[in-house]
Amino acid sequence: MTTTANKPAAIAAAYFSPTGGTRKAALMLAEALAGIVPLTEIDLSVPDLKGQTFAKADVIVVAVPVFGGRVPAFALKQLAALQGQGARAVALVAYGNRAYEDALLELSDCLTSQGFQVIAAAAVLAEHSMLRSVAAGRPNADDQKQLAVFAAHITSKLQTEAAPLTTIPGNRPYKDWQPMPVLPQVSESCTSCGLCAATCPTQAIPGSQPQTTDAQKCILCLRCTVVCPQQARSLPPQAQAMIAQKLAPIKDLYKSNEFFC
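These numbers were taken from a predicted model, which means no experiment stands behind them.

Could you clarify how one ought to interpret the environment of Gln238 in this entry?
For Gln238, the location among the structural elements is in helix H7 (residues 237-247). Here the alpha-carbon distance between Gln238 and Ala34, two residues 204 residues apart in the chain, equals 44 Å.

For this particular structure, what's the right way to read the environment of Ile11?
Secondary-structure assignment places Ile11 in strand E1 (residues 11-15). For Ile11 and Gly35, which are 24 residues apart along the polypeptide, the C-alpha to C-alpha distance reads 9.7 Å. Apart from residues lying up to four places away in sequence, Ile11 is in contact with Ala30, Leu33, Ala34, Val37, Pro38, Leu39, Thr40 and Val59.

Can you walk me through helix H1 (residues 21-34) in this structure?
Structural remark: α-helix, 3.6 residues per turn; residues separated by three or four positions point the same way. Here H1 spans 20 Å end to end across 14 residues, near enough to the 20 Å set by a 1.5 Å rise per residue. With 10 of 14 residues buried, H1 lies mostly within the body of the structure. Of the residues making up H1, those classed as buried are Gly21, Thr22, Ala25, Ala26, Leu27, Met28, Leu29, Ala30, Leu33 and Ala34. Each element contacted by the buried residues of H1 is listed here: E1, strand E2 (39-43), strand E4 (59-65), strand E6 (88-95), strand E7 (117-125) and helix H4 (141-158). Gly35 sits one or two positions beyond H1 and adopts a positive phi of about 60 degrees.

Looking at this structure, how should I read the state of the cysteines?
Such a bond, covalent and formed between the sulfur atoms of two cysteines, is termed a disulfide. A complete count under the given rule lists 0 disulfides for this structure. Sulfur of Cys193: no disulfide; nearest cysteine sulfur belongs to Cys228 and is 6.0 Å away. Not part of a disulfide, Cys200 finds its nearest cysteine sulfur in Cys221, a span of 6.0 Å. The class of Cys200 is buried, set by a relative accessible area of 11%.

Honestly, H4 in this entry has me stumped. Any pointers?
Between its first and last C-alpha atoms H4 spans 25 Å; for 18 residues at 1.5 Å apiece the expected length is 26 Å, and the two agree. Asp143, Leu147, Phe150, Ala151, Ile154, Lys157 and Leu158 are the residues of H4 that are buried. Projected down its long axis, H4 carries its buried residues within an arc of 110 degrees, all on one side. Exposed positions of H4 whose direction lies more than 90 degrees from the buried face are Ala141 and Lys145. Along its buried surface, H4 packs onto H1, E4, E6, E7 and strand E10 (258-260). With a side-chain oxygen lying 3.1 Å from the backbone nitrogen of Asp142, the N-terminal cap of H4 falls on Asn140.

Would you mind showing me how to read the sheet that holds E6 here?
Sheets are built from strands that pair by backbone hydrogen bonding, the pairs being arranged parallel or antiparallel. Spatially, the 6 strands line up as an open sheet ordered E2-E1-E4-E6-E7-E10, and their pairing is mixed. At either margin of the open sheet sits one strand with a lone partner, and together these are E2 and E10. This sheet shows a mean twist of 15 degrees between the axes of neighbouring strands, independent of strand direction. Bridge count for E4 against E6 is 7 bridges, and the pairing is parallel. Looking at E6, one finds that Ile60 is bridged to Ala89. Helix-sheet contacts for helix H3 (residues 103-113) involve E4, E6, E7 and E10, and the interaxial angle to E6 is about 150 degrees. Set on the sheet, H4 makes contact with E4, E6, E7 and E10; between it and E7 the angle comes to about 175 degrees.

About the criteria used
- Residues numbered from 1 in each chain as written.
- Predicted model: local features only at pLDDT ≥ 70, side-chain atom pairs only at ≥ 80, totals over all residues.
- Heavy atoms only, no water.
- Helix = DSSP H or I, 4+ residues; strand = E, 2+ residues; numbered from the N terminus.
- Contact = heavy atoms within 4.5 Å.
- Expected span 1.5 Å × (residues − 1).
- Buried < 20%, exposed > 50% of the residue type's maximum accessible area, 1.4 Å probe, protein only.
- Disulfide = S-S within 2.5 Å.
- Arc of directions from axis to C-beta.
- Polar contact = N/O pair within 3.5 Å; in protein donor to acceptor, adjacent residues only side chain to side chain.
- Pairing = 2+ DSSP bridges.
- Axes fitted to C-alpha atoms, helices over the stretch in contact; angles between N-to-C directions.

The following block contains the structure:
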């Protein structure tokens, strides 16, 4: 690929987006950056993700959801398939209004280790995957406007040498976090269509027994709950109640998106 006046030769949006909000944010930003430049989508949830190598003239938006203030371990594993070779990267984390803590720093560190130059970063609100009434509908039209302004700042930075960011919120070592020890429950309305099994990023749902879930593989990303046409899969009521209680103080007090460039 070639470039003129430091403009990107191609733009990619790579995302791990189990319930859709992270992809939505990633594309809002990537499309604003792309203009007439070709845009490629890379779905990090694909189990057999093929390795891809980028050129220095390329720009990639990499977006992941925040799980307990961290980047999901599965997403980090998938990102190993992307080799930067000096390409510019924008790190984006989507979080459900609680906090993104060390996730943005962790994502940026991961991308740097993969050979990318992280020139910008953002933390964007997205509908909470476990309690959909929190940050419902986010990112929305207003978020899209903010991301378009951010894209303009990034574009201006690309006209220069686009020095990597030196300060990103977060701590090292990253916070310790363990997933909730629960599994999605399956109701009698399940028709065994197998869609949940076919789309599970970690292949935790056997195609021959879609009413079951492998506890050793499930990361509680909840994709199965949003793709099921019968709404037969859901977070157990006790877990829902615990999450609702935890998020009650911030349910109606929305935080701001944060941008770093």
